[in-house]
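# Structure at a glance
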Amino acid sequence: NEFNKLIDHYSKFNPSPLSIKQFLDFGERANPAESFAFLRKEVPVRLANIMKEIELLPPQLLKMPSVRLVTSWYQRSFMEIAEFDKLHKGTPTDSVLSDFTDTLTRVRNRHNTVVQTMAEGVLELKQQHKSDVSSEHTIQYFLDRFYMSRISIRMLINQHTSLFGVQERPAGNGRQVGVIDPHCDITSVCLDAYENAKFLCDQYYLTSPNMILKCIPEEPRIRIVYVPSHLYHILFELLKNAMRAVVEHHGTEADLPDLRVLIVEGKEDITIKLSDLGGGIPRSASDLLFQYMYSTAPEPSSTNSAPLAGYGYGLPISRLYAKYLHGDLTVTSMEGYGTDAHVFIKAISKDSHEKLPIFNKTSSKHYNMVIGSNDWSSPISGERKILSSGII
Ligand SMILES: N#Cc1c[nH]c2ncccc12
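Residues numbered from 1 in each chain as written. Predicted model: local features only at pLDDT ≥ 70, side-chain atom pairs only at ≥ 80, totals over all residues. Heavy atoms only, no water.

Each helix and strand in the protein chain was counted, giving 14 helices and nine strands. Radius of gyration (C-alpha) of the protein chain: 23 Å, near the 21 Å computed for a compact globule of 392 residues. For the C-alpha atoms alone, the extent of the protein chain along its principal axes is close to 65 × 65 × 45 Å. By sequence separation, contacts in the protein chain at least 24 residues apart represent 81% of the contacts at least 6 residues apart. When the accessible area of the protein chain is evaluated, it comes to approximately 19,900 Å², of which 54% is carbon and sulfur surface. Side-chain charges of the protein chain comprise 42 positive and 45 negative groups, with the mean position of each set lying 7 Å from the other. (Helix = DSSP H or I, 4+ residues; strand = E, 2+ residues; numbered from the N terminus. Rg over C-alpha atoms; globule rule 2.2 N^0.38 Å. Contact = heavy atoms within 4.5 Å. Areas by Shrake-Rupley, 256 points an atom, 1.4 Å probe, with all protein chains shown as cover. Lys, Arg positive; Asp, Glu negative; His and termini not counted. Charge placed at Lys NZ, Arg CZ, Asp CG, Glu CD.)

Here you go:
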């Protein structure tokens, strides 16, 4: 039908990753018509690419009420924006431009609860079906790409609406270009995140660890071209987890060991190390911190759910924010001692391009991949070999 033909049409195009420099140039030129000309095609292309992957999900997940709801939001948003691409070729009038910006705002608001709604879908699946290794792999692979796609589309929308939208949002220090700060001061974002995580920690535990922050070099202050709200999200999540570990390991009456944050400016990478003496977790558990299937647990009752409770989806999503501009996030624990989290950010803005999922044969292979038998020994000895022709 018309809808599927449109999805197939736009999914044939690869998403076009923008560099931070291009975002800045778009912003400094402040030309809404140029932004419109790019977005009216690029947003449907990115939506169609991820919608083709949604179709490849295990049927039992697709049937979940929450997943059906999210899928309906994507379909409606795709049609609304593809409409502009179809109807308004050439230079847009002012009213078309303001309608487009309003539509982008409506789309962004429609999708505000996508993360928790998908988590509910994963929970529904876990409660109705016994999860197996290959569907866990498929869901992990899909959700990383699905949430990365969502981060990238919301970035495009936020950049356009903050530059050209009616509600003047003079965010940040007034020198921001849209949602980007060309001189983002890492130390001040870190102090903001610490103050807010400390507030939550004090509110729940009536105590919280101090933070010692060190920069190398100390002067001049380390600044990057970055999206402050992304950096804040990452650091807030890591600081909450570190505080929770320290208070729960030492107890609320103890003299708590400080959190230590070290920010180092290298030629290629800027690294933020966040160390705590919160007793760490065993290696067997540290991979699980980033597993969506593992991190999805029934919501604890609202009364006793500690604001720092659970690791939820905060860590996997924080890692995606770091990866979005070709950085990374790792968590390394020494059980019985504490944990180091590292956030890696590209130091050179010309190395900062969006990292986007692409729907193609390679990505499709992940959805019908059956995890074969083990090619490494496991504790159970004497396992029989299984060949395609049967048991030997
Ligand atoms: N992110 C993060 C963490 C930072 N410290 C931690 N301790 C135990 C488990 C997770 C963490």
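Moving on from the model shown.
Moving on, we get to the sheet that holds strand β6 (residues 328-334). Spatial strand order, β2-β4-β5-β7-β6: five strands in an open sheet with mixed pairing. Pairing within the sheet leaves two strands with one partner each, and these edge strands are β2 (211-216) and β6. Strand-to-strand, the axes of this sheet are offset by a mean angle of 15°, without reference to chain direction. Where β6 meets strand β7 (residues 338-346), seven bridges bridge the pair, whose relative direction is antiparallel. Residue S333 lies in a different strand from β7, and its bridge partner there is T339. Lying on the sheet, helix α9 (residues 186-205) is in contact with β2, β4 (259-265) and β5 (269-276); it crosses β2 at an angle near 170°. (Pairing = 2+ DSSP bridges. Axes fitted to C-alpha atoms, helices over the stretch in contact; angles between N-to-C directions.)

Time to look at a nonpolar patch on the surface. Nonpolar side chains collect at one region of the surface, where V133, M369 and I371 lie side by side and expose about 240 Å² of accessible area between them. For M369, the location among the structural elements is in the loop between α14 (361-365) and β8 (386-387). (Patch = residues over 30% accessible without salt bridge, like charges linked within 9 Å, V, L, I, M, F, W, Y side chains within 5 Å. Salt bridge = Lys/Arg side-chain N within 4 Å of Asp/Glu carboxyl O.)

With that settled, the discussion passes to the pattern of salt bridges. Tallied over the full model, the rule gives 19 salt bridges. E55 is the partner of K52 in a salt bridge, and the nearest nitrogen-oxygen pair spans 3.7 Å.

Mapped onto the secondary structure, D85 falls in helix α5 (residues 65-87). Note on D85: relative accessible area 7%, which makes it buried. Each residue touching D85, except ones within four places of it in the same chain, is listed here: Y10, R40 and K41. (Buried < 20%, exposed > 50% of the residue type's maximum accessible area, 1.4 Å probe, protein only.)

It is worth spelling out the confidence of the model for the protein chain at this point. Averaged over all residues, the pLDDT of the protein chain is 91; the fraction at 70 or higher stands at 92%. Interface confidence for the predicted complex, expressed as ipTM, amounts to 0.98; the pTM equals 0.93. (pLDDT = per-residue confidence, 0-100.)

Here we take up the packing of α5 against helix α6 (residues 94-110). The interhelical angle for the contact between α5 and α6, taken along N-to-C directions, is 170°, at an axis separation of 10 Å. As judged from the angle between their axes, α5 and α6 are roughly antiparallel. Across from W73, R76, S77, E80, I81 and F84 in α5, the residues of α6 making contact are V96, D99, F100, T103, L104, R106, V107 and R110. Grouping the constituent residues of the contact of α5 with α6 by class yields seven nonpolar, two polar and five charged. (Parallel < 35°, antiparallel > 145°, perpendicular 65-115°, else oblique. Nonpolar A, V, L, I, M, F, W, Y, C, P; charged D, E, K, R; others polar.)

Let's shift gears to the nonpolar core. Note on soluble globular proteins: their nonpolar side chains tend to be buried together. Ranked by size, the top nonpolar core spans 107 residues in total, and within it F78, L143, F146 and Y147 carry the most contacts. Per element, the largest residue contribution to this core is twelve residues, and it comes from helix α8 (residues 133-164). (Core = buried A, V, L, I, M, F, W, Y, C linked by side-chain atoms within 4.5 Å.)

Let us now look at the environment of T161. Mapped onto the fold, T161 is located in helix α8. T161 sits in the buried class, given a relative accessible area of 1%. Residues T161 and P32, spaced 129 residues apart in sequence, show a C-alpha to C-alpha distance of 9.7 Å.

Direction vectors running N to C along α5 and helix α7 (residues 114-128) enclose 145°, while the axes themselves pass 7 Å from each other. Packed against α5, whose contacting residues are P65, S66, V67, L69, V70, W73 and Y74, the element α7 presents V114, T117, M118, E120, G121 and E124 at the interface. Taken together, the residues of the contact of α5 with α7 sort by class into eight nonpolar, three polar and two charged.

Strand direction decides the pairing type here: β2 and β4, joined by six bridges, are parallel. Counted as the bridge partner of I212 is R260 from β4. Strand direction decides the pairing type here: β4 and β5, joined by six bridges, are antiparallel. Each bridged residue has a counterpart across the sheet, and for R260 the counterpart in β5 is S275. Turn length for the β4-β5 hairpin, with the two strands adjacent in sequence and antiparallel, is three residues.

Another point: the side chain of R154. Relative to the assigned elements, R154 resides in helix α8. Although R154 is buried, it forms no salt bridge, and the closest oppositely charged side chain is E80 at an N-O distance of 12 Å. Only 3.1 Å separates the side chain of R154 from the backbone oxygen of R108, close enough to count as a polar contact. Here R154 is in contact with R108, H111 and N112, once residues within four sequence places are set aside. (Polar contact = N/O pair within 3.5 Å; in protein donor to acceptor, adjacent residues only side chain to side chain.)

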